[in-house]
Amino acid sequence: MFEGFSSRDIEGPAGKLRTLRAGSGAPLLLLHGHPQTHVMWHAVAGELAKVFTVVMMDLRGYGDSVRVQSDAEHQAYSKRAMAQDAMAVMKAQGFDSFQVLAHDRGARVAHRLALDHPGAVERLMLLDIAPTLAMYDNTSDAFARAYWHWFFLIQPPPLPEALIESDPVRYVRSVMGKRHAGLAAFAPAALAEYERGVQIPGTAESICEDYRASATIDLAHDRADVAAGTHLLQPLRVLWGEHGAVGKCFEVLDLWRDRAKDVSGRSLPCGHYIAEEAPALLLAEALDFFKH
């Protein structure tokens, strides 16, 4: 799926981070969502690499990157820690500043990355998320039903981990297959990679810790930003699927305008998995928005 890309393992703050790279031009970092890996970009990465230097990575806890021992405060999977991984990857690739395209969990990492390292992130495009704090603070019945996994995964260990590990492939197929487009949205080779990744020992714990961090330490970091009046200063474009829960349950642009100075965006005629459901539309948006 990634002909012409070179693979490299980079030593991050907590261990190995799997990366792929291709192309030339302005550097563009791609960050994936849950329960996926860098493979989610397979339909767009090659075209982007014709214009940009594309760097993809597996987030800690996912794919072939390191699984980190959890801690009581969930700091190991805070978006601040995961953003530091991204910084380590881009510095190792020779880039002090870059643009970011990110989906789902990766978009939450990108949000923190741009806040904590404003000199490094030039522009960012976030796919199908509203700010984490706003989503928790404005949770409705409809959102809780659609995003049930947000509330399942944050339950105390070891129950969520044990349930995932009892049938990890079923977990992936249930989470991904019950959204708008079903499993038909995913190329068989890509789905097989997501299924392989979730079966790697320690993945269930990592997934749960990622979400536990979002419901605890990440909210503390976000509230501190709000209290300090800290905003994203970079140009931000937000895209969401018109058939997904985020656009139906939240005023996406309004919520991002509370957190960023320069916001644009729109819905696309697809569900949550924009890069795989509507790759041509995403490419057009990326080529319009990112500097190259």
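Anything mentioned here points back to the structure above.
### Focus: the packing of aromatic side chains
Here is step 1: Tallying each qualifying case throughout the model produces 13 aromatic pairs.
Here is step 2: Relative to Phe 290, the ring of Phe 52 lies with its centre 6.2 Å away and its plane at 85°, an arrangement referred to as edge-to-face. A residue pair is termed long-range when its members are at least 10 positions apart, and Phe 52 in the loop between α1 (45-48) and β4 (53-57) and Phe 290 in the segment after α15 (279-289) qualify at 238 residues. With respect to burial, Phe 52 and Phe 290 carry one shared label: buried.
Here is step 3: Here the aromatic rings of Tyr 136 and Trp 150 are separated by 4.8 Å at their centres, their planes lie at 45°, and the arrangement is tilted. Taken together, the positions of Tyr 136 in helix α4 (residues 132-137) and Trp 150 in helix α6 (residues 148-152) put the pair 14 residues apart, joining distant regions of the chain. In terms of burial, Tyr 136 and Trp 150 fall into one category: buried.
Here is step 4: Following the ring pairs from residue to residue traces out a cluster consisting of Tyr 136, Phe 143, Tyr 147, Trp 150, Phe 151 and Phe 250.

### Considering the pattern of salt bridges
Here is step 1: On inspection of all chains with the given rule, the structure shows 22 salt bridges.
Here is step 2: Of the charged contacts, one joins Arg 18 and Asp 9 as a salt bridge, the two residues approaching to 2.4 Å between their closest N and O atoms.
Here is step 3: Its relative accessible area of 39% is what places Asp 9 among the partly exposed residues.
Here is step 4: Put simply, Asp 85 and Arg 60 hold a salt bridge, and the shortest N to O gap is 2.6 Å. With Asp 85 in helix α2 (residues 79-92) and Arg 60 in the loop between β4 and α2, the pair connects residues that are 25 residues apart, well separated along the chain. Assigned by exposure class, Asp 85 and Arg 60 land together as buried.
Here is step 5: When salt bridges that share partners are traced, they join Asp 9, Arg 18, Asp 64, Glu 193 and Arg 196 into one network.

Thresholds applied
Residues numbered from 1 in each chain as written. Predicted model: local features only at pLDDT ≥ 70, side-chain atom pairs only at ≥ 80, totals over all residues. Heavy atoms only, no water. Phe/Tyr/Trp six-rings, centres within 6.5 Å; stacked < 30°, edge-to-face > 60°. Helix = DSSP H or I, 4+ residues; strand = E, 2+ residues; numbered from the N terminus. Buried < 20%, exposed > 50% of the residue type's maximum accessible area, 1.4 Å probe, protein only. Salt bridge = Lys/Arg side-chain N within 4 Å of Asp/Glu carboxyl O.

Geometric values such as these leave the question of function open.
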